[in-house]
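Architecture and fold: a report
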Amino acid sequence: MHEFTDNEIVPISAISHHLYCPRQNALIHTEGVFLDNDLTVSGNIGHTFVDEEKGYDDHGIRKETSLRVYSDRYGLSGIADIVEFPTKGPPFPIDYKNGRIASWKNQEAQLCAVAICLEERLGVEVPAGAIYHVQSKKRHTVRFDEELRVITLTAVEEIRSALTSNTVPEARPGKICRRCSLQSLCLPTLGGHSRDDIFLPAASEEATTESVQKRAKKSTKKRK
């Protein structure tokens, strides 16, 4: 079995970001930048219940919140929001997400990664879990079928490649940019800029500003 180094370990939380937008994920996990907006703030508030590491019994079912999980085989590490441990049956991971009930593949893949970690650590099959939608106060079941597992593990390798190569993908403007909290840092509508144009030492801020302004003018002329 390959022994992963620290910089090869993929954070489970990165999977959802990566499948939503590889550039967003790289800005967060490679460049270490993050900004909040109304969606992220409300999500953090709704997530408070599962942020404390604790165990308790609920109607005969043992539940663990903020449970640390990892996989030596796939080089994964993260925290499960809730894992239910029924008296009979396999563990049942649950992820808390902001918003109304809906099925998003990126969120389901993140939950699938938690299941993969549980399977490795506990030696049991984890066939399903659920995503709890805070705004709707409902949850939908996620089946960890072969298709979802392939999507999940493919994303893991793509993220690892980006982490180890220390690269940030080019921006690809689209509808998903509208509600992204990193839009002011990503500058997706400028197009053609490299990561070095934005993330430079403080001594080069003047040159950076001038460079960005020039491209902004060119972009404006093209639109005209």
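This text follows the structure it describes.
Rules and cut-offs
Residues numbered from 1 in each chain as written. Predicted model: local features only at pLDDT ≥ 70, side-chain atom pairs only at ≥ 80, totals over all residues. Heavy atoms only, no water. Pairing = 2+ DSSP bridges. Helix = DSSP H or I, 4+ residues; strand = E, 2+ residues; numbered from the N terminus. Expected span 1.5 Å × (residues − 1). Buried < 20%, exposed > 50% of the residue type's maximum accessible area, 1.4 Å probe, protein only. Contact = heavy atoms within 4.5 Å. Polar contact = N/O pair within 3.5 Å; in protein donor to acceptor, adjacent residues only side chain to side chain. Axes fitted to C-alpha atoms, helices over the stretch in contact; angles between N-to-C directions. Parallel < 35°, antiparallel > 145°, perpendicular 65-115°, else oblique. Nonpolar A, V, L, I, M, F, W, Y, C, P; charged D, E, K, R; others polar. Salt bridge = Lys/Arg side-chain N within 4 Å of Asp/Glu carboxyl O.

**Here we look at the pairing of strand β2 (residues 54–58)**
- Examined bridge by bridge, β2 and strand β3 (residues 61–71) share 5 bridges and lie antiparallel to one another. Bridging across to β3, G55 finds its partner in E64.
- Between the antiparallel neighbours β2 and β3 lie 2 residues, among them H59 with a positive phi of about 55°.

**A short note on helix α4 (residues 105–122)**
- A rise of 1.5 Å per residue sets the reference length of α4, with its 18 residues, at 26 Å; its end C-alpha atoms lie 25 Å apart and thus fit the reference within 8%.
- Of all the 18 residues making up α4, 14 are buried; the element is thus mostly covered by neighbouring parts of the structure.

**Re helix α2 (residues 22–29)**
- Within α2, 6 of the 8 residues are buried, which leaves the element mostly enclosed by the surrounding structure.
- For α2, the set of buried residues is R23, Q24, N25, A26, L27 and I28.

**Here we look at the environment of R149**
- By secondary structure assignment, the location of R149 is in helix α5 (residues 146–165).
- By relative accessible area, R149 is classed as buried at 17%.
- In this structure the C-alpha to C-alpha distance between R149 and A109, which are 40 residues apart in sequence, comes to 7.4 Å.
- In this structure R149 touches C112, I116, E119, V126 and F144, once residues within four positions along its chain are discounted.
- A polar contact of 3.3 Å, which involves the side chain of R149, links it to the backbone oxygen of V126.
- At a separation of 2.9 Å, a polar atom in the side chain of R149 contacts the main-chain carbonyl oxygen of F144.

**Description of unusual backbone geometry**
- A positive phi angle, close to 50°, is found at S66, a residue other than glycine.
- Following the sequence through the fold, S66 ends up in strand β3.
- Here S66 falls in the buried class, since its relative accessible area comes to 10%.
- Of note, the phi angle at N166 is positive, near 55°, even though the residue is not glycine.
- With respect to the helices and strands, N166 occurs in the loop between α5 and α6 (183–186).
- Since its relative accessible area comes to 39%, N166 is described here as partly exposed.

**Points about the packing of helix α1 (residues 13–20) against α5**
- At their nearest, the axes of α1 and α5 sit 10 Å apart, and the two run at 90° to each other. For the element pair α1 / α5, the angle class is roughly perpendicular. Contact residues: α1 offers A14, I15, H18 and L19, while α5 offers I151, T152, A155, V156, E158 and I159.
- Its residues placed into classes, the contact of α1 with α5 shows 7 nonpolar, 2 polar and 1 charged.

**Things to note about the pairing of β3**
- Pairing geometry for β3 and strand β4 (residues 76–85), over 9 bridges, is antiparallel. Looking across to β4, one finds that K63 is bridged to E84.
- Between β3 and β4, which pair antiparallel in sequence order, lie 4 residues; one of them, G75, sits at a positive phi of approximately 65°.

**A closer look at the pattern of salt bridges**
- A full pass over the atoms with the stated rule returns 11 salt bridges.
- Its salt-bridge partner being K97, residue D95 comes within 3.8 Å of it at the nearest N-O pair.
- A relative accessible area of 16% places K97 in the buried class.
- With a shortest N-O distance of 2.8 Å, R149 and E119 are connected by a salt bridge. With R149 in helix α5 and E119 in helix α4, this residue pair connects regions lying 30 residues apart in the sequence.

**What to know about the side chain of D95**
- Structurally, the position occupied by D95 is in strand β5 (residues 92–97).
- The class for D95 is buried, based on a relative accessible area of 6%.
- Among the polar contacts made by the side chain of D95, one reaches the side chain of Q110 at a distance of 3.3 Å.
- If sequence neighbours within four positions are ignored, D95 has contacts with D81, Q110, L111, A130, I131 and Y132.

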